[in-house]
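Now for the letters of each chain:
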Amino acid sequence: MNIFLFKLHIRQLKRYRNLLIIFTIFLTYNFITRINNNDVVIDNIHRNWRRDTTPTTTFPTPTTTPFTPTTTSSTSTTTPSTTPSTSTTTPSTPTITPITTPLKIYLTFDPSVPNWFFEIDFGTPPQPLNIPISFTSNLLWVVSEFCMSPLGDACNVRTTNLYNTSQSDTASGDYEEFTFSFMGVELIAVWVNDTASIVGDVQIQTFYQLPIGLPKDTNGNGTNASIPDSTVGMIGINPYQNNQIMGIALSTLTDPEGDPDGGTLTFGGVDIDYIIGEDVNNIVYYPFLPFTETDQVVRLPVSNIYFDGIALNYPGTVSFNGDIKNIQFDDYLATNILSALPGGSYSNGSGTIDCNISTALNLSFEFNNQTNYIWRLPAYAIVGEVINGNECSSTITGGANDTSSWVFGSTFIENFYMVFDQANSQLGIAARSDIDYGTNITQVNVMVEIPLLLTQISCLIITEYDQTGQEQSSQVQIKAQVVPNASCISMLSIYEYTPYWERWDVIIETIDPDGYFQLPDPLWAYLGAKHSFAEYEAARIDPNTRDFLGCSEQVLAFNSSLYTDLTTNPWAITFS
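What counts, and at which threshold
Residues numbered from 1 in each chain as written. Predicted model: local features only at pLDDT ≥ 70, side-chain atom pairs only at ≥ 80, totals over all residues. Heavy atoms only, no water. UniProt positions renumbered as here; feature names shortened; annotations may be inferred. Helix = DSSP H or I, 4+ residues; strand = E, 2+ residues; numbered from the N terminus. Buried < 20%, exposed > 50% of the residue type's maximum accessible area, 1.4 Å probe, protein only. Contact = heavy atoms within 4.5 Å. Areas by Shrake-Rupley, 256 points an atom, 1.4 Å probe, with all protein chains shown as cover. Pairing = 2+ DSSP bridges. Axes fitted to C-alpha atoms, helices over the stretch in contact; angles between N-to-C directions. Salt bridge = Lys/Arg side-chain N within 4 Å of Asp/Glu carboxyl O. Disulfide = S-S within 2.5 Å. Phe/Tyr/Trp six-rings, centres within 6.5 Å; stacked < 30°, edge-to-face > 60°.

- As recorded by an unreviewed UniProt entry, the chain carries the name Aspartic peptidase domain-containing protein and is attributed to Gigaspora rosea.
- Checking UniProt for the chain, the heading Sequence similarities (unreviewed entry) contains the comment "Belongs to the peptidase A1 family."

### Remarks on the overall build of the chain
Phase 1 of the analysis: Scanning the chain for helices and strands turns up four helices and 39 strands.
Phase 2 of the analysis: Sorting the 576 residues of the chain into buried and exposed places 47% on the buried side.
Phase 3 of the analysis: Here the analysis covers contacts within the chain between residues at least 6 apart in sequence; of these, 68% occur between residues at least 24 apart.
Phase 4 of the analysis: Of the roughly 29500 Å² of accessible surface on the chain, 52% is carried by carbon and sulfur atoms.

### Here's the deal with the sheet that holds strand S39 (residues 571–573)
Phase 1 of the analysis: Strand order in the open sheet made by the three strands is S35-S32-S39, with mixed pairing throughout. Looking at strand neighbours, the two that pair on one side only are strand S35 (516–518) and S39, the edges of this open sheet. Each adjacent strand pair in this sheet contributes to an overall mean axis angle of 25°, direction not counted.
Phase 2 of the analysis: Note: strand S32 (residues 478–481) against S39, three bridges, orientation parallel. Among the inter-strand pairings, Lys479 is bridged to a residue of S39, identified as Ala572.

### Side note on the pattern of salt bridges
Phase 1 of the analysis: All told, the structure shown has five salt bridges when counted by the stated rule.
Phase 2 of the analysis: Two residues, Asp434 and Arg432, come together in a salt bridge whose shortest N-O distance is 2.8 Å.
Phase 3 of the analysis: Judged by its relative accessible area of 2%, Arg432 falls in the buried class.
Phase 4 of the analysis: Across the salt bridge formed by Asp505 and Arg503, the nearest N and O atoms sit 3.0 Å from each other.
Phase 5 of the analysis: With a relative accessible area of 18%, Arg503 lands in the buried category.

### Considering the state of the cysteines
Phase 1 of the analysis: Under the definition given, this model contains three disulfides.
Phase 2 of the analysis: Two residues, Cys355 and Cys392, share a disulfide whose sulfurs are 1.9 Å apart. Measuring handedness by torsion sign, the sulfur bridge of Cys355 and Cys392 sits at about 105° and is right-handed. On the criterion of sequence distance, the pair formed by Cys355 in the loop between strand S20 (350–354) and strand S21 (363–367) and Cys392 in strand S24 (residues 391–394) is long-range, its members being 37 residues apart.
Phase 3 of the analysis: Given the relative accessible area of 2%, Cys392 is considered buried.
Phase 4 of the analysis: The residue that forms a disulfide with Cys488 is Cys551, at a sulfur-sulfur distance of 1.9 Å. Torsion about the S-S bond of the Cys488 and Cys551 cystine: about -70°, corresponding to left-handed handedness. With Cys488 in strand S33 (residues 488–495) and Cys551 in strand S38 (residues 548–563), this pair connects stretches of sequence that are 63 residues apart.
Phase 5 of the analysis: Judged by relative accessible area, Cys488 falls into the buried class, the value being 0%.
Phase 6 of the analysis: What connects to what in the chain, once the bonded cysteines are numbered by sequence position, is 1-2, 3-4, 5-6.

### Section: the environment of Leu312
Phase 1 of the analysis: Relative to the helices and strands, Leu312 resides in the loop between strand S16 (310–311) and strand S17 (316–320).
Phase 2 of the analysis: On the basis of relative accessible area, Leu312 is assigned to the buried category, the value being 4%.

### A closer look at the packing of aromatic side chains
Phase 1 of the analysis: Inspection of the entire model under this criterion finds 27 aromatic pairs.
Phase 2 of the analysis: Seen in terms of ring centroids, Trp141 and Phe180 are 5.3 Å apart; in terms of plane orientation they differ by 45°. Their pairing is tilted. A residue pair is termed long-range when its members are at least 10 positions apart, and Trp141 in strand S7 (residues 140–142) and Phe180 in strand S8 (residues 177–182) qualify at 39 residues.
Phase 3 of the analysis: Judged by its relative accessible area of 4%, Trp141 falls in the buried class.
Phase 4 of the analysis: Judged by centre distance (6.0 Å) and plane angle (75°), the ring pair of Phe365 and Phe412 falls under edge-to-face. Of the two residues, Phe365 is situated in strand S21 and Phe412 in helix H4 (residues 410–413); the sequence distance between them amounts to 47 residues.

### Some points on helix H3 (residues 331–340)
Phase 1 of the analysis: Among the ten residues in H3, nine count as buried, and that is most of the element.
Phase 2 of the analysis: For H3, the set of buried residues is Tyr332, Leu333, Ala334, Thr335, Asn336, Ile337, Leu338, Ser339 and Ala340.

### Quick look at the pairing of strand S25 (residues 396–400)
Phase 1 of the analysis: Counting buried positions over the five residues of S25 gives four, a clear majority of the element.
Phase 2 of the analysis: Where strand S18 (residues 327–330) and S25 come together, three bridges link them in parallel fashion. Looking at S25, one finds that Gln328 is bridged to Thr397.

### Here we look at the sheet that holds S38
Phase 1 of the analysis: If you trace the four strands from one edge of the open sheet to the other, you get S34-S33-S37-S38, paired in antiparallel fashion. Looking along the sheet, the strands with just one partner apiece sit at the ends: strand S34 (501–507) and S38. Across this sheet, the average inter-strand angle for adjacent strands is 20°, counted without regard to direction.
Phase 2 of the analysis: Judged from the seven bridges that link them, S33 and S34 form a sheet pairing that is antiparallel. Within S34, the position partnered with Leu492 by the bridge is Arg503.

Here it is as C-alpha cells:
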C-alpha cells in the first residue's frame, strides 16, 4: 500500500512539472507589452533582431498628383553617399524611389527645442512622426522599440512618439550595427529598410525600402546619458533618398495672424518664389570642402568679412548648424567685431549690443574668394534677447576653437535661401525676396578748402590743437610685449564713428632686452581709434613665392579695445 501511494505521488509530480514547463513556454512566446498605445505581441525577439533581407511584399508603382515644377533641376549621375556621419558600417543596398517632381514641404518651428519639424509616415500601415531636420548629418534616424528593454537601453520606456518595426509589414534588413553621436553621447544603432511617405503641398512622395537608423544602446555611457523622452529622431539635410538638390527657406518669425512661420523645405528642387527676382540663376553655388574621416558636415571657406564695405582680411572656415541660434567666431574676431558695433562688447563667449541698432549697419560675408557675391546679414538679425533697457544679447558670439571651426547657426541660415546639393557637393545661397537686408550706409562728405595753386600741393596735413592753442601729436609708435612661442603679431585698428578698419600682420623679429618688439613703420597708433593686438604661434608663408601671408595657428595672447595712449612714445602693449 505504501509502495503504491509513493508511485502515485511521483507520477503526480512529473505531471505538475510538465504542466509548469508548458505554462512557461506559453508565457515566453506570448509576452504582451503595450507600445504606441497598442497591444503588440513580440512573438520572437530573435526573428525581430535578424530578419530576412529579402522583402516579402511586392510594392506597387507609386502614384502622384500631376504637378508642373517651376524650375528644372540639373540632372546628375552621381550616386549619393549612404554612410552616416560617424557610421562604422553601411546598410544593405536598398531600392530607393527617386524624386522626379520637386516635393515642397511646409515646416513648423518649435521654439522650445529650437528646431524645424515635418511629418513622415513610417512603415505599413503608416506610423506618423514629427521629425526635426539637422544640418550637420546625412543620417535619418528614429526612436523605436529597439532602444527600450529588453532590446536596448538608449532611451526610457515610452508609450508614444516612436516607430515600431513590429507593427510594420514592410520593415526588412539584417539590422547591421553602426555608431553615431547625438548630444555628446555615442549611440549604437541598427539599420532597417522600410517604407516612408512625406506629404507635400501638391503630392505625396513615397520612398520604398528607405534606410533608417534605429538607436539601440549607449556606448558605455549608461542610462543616465540616454535619449530624452521628448526626442523622436532626426533627418539629415542630405537624406539618402535624394541625390538631387534641396531648397530651404527657414524662418522663426510670425505671420500676420501671429502663428509661427517655419518656412519650407523642397526636396528635389528649389522654390523660386523665395528668391529675389524669382530667377534660379540668382543662386550662387560654392563647392563643399572635402568631408573629414569622422563626419560629413558641409563646410565652406570664408575668404573675407566686411564691415560697412571695409574688408577685415580675416579668413576662416565655417560649417552650418540649424540647431544653434548664434554665429560663432573665435574669441579674437568676436571681440573685434562687437567692439565696432553700437554698444557692443564681448566677454566669456557671449556678446551684448544696443537693441535699437541701425538698419544701415552692414556686416557681410564672402565665400570661396568669389568677390562678386557678398552676403549681407540684416542688422536686426544681430540683435538677440533684451537684457536690460537698451542692452540686448548679440547673436554674434565667440566660442569657436580657431578660424577653422566657425559655426553659422540659424541667424545666418534663416536670412538666405539655402540649397544643399549633395549630388554635386555644393551649397547654393541666394538673397530672399521676403528679407529686408537694410538700407545702404550714407557716406560722410568731408569738404576741405584748399588754395588755388593746386599744382604745388602734394600733401594735406590735418593738425590738432588743444584748448590753449598748443599743437598736439595724434600718433605714437608701438611696441608689444612678446609672449613665449609667439612668432607673429596682428594689430587691428577701428576708427570710431566711421566704417573704416585697418589690420596689419607682422613677423616678430628683434626683441629688446625688456622682451618687447617694436612694430615697424608705418604701423602707428592714431588718436580717435581703438586698437586690438594678438600674438600668434606661427606665420603663413607662400611655399612658392615665400611671401608673407599673415599670422596663423593658435592665438597665444590678445588685448583688445585699447584707446591710443599719447603719454608715452612708443606706446607699450602688454598681455596678461
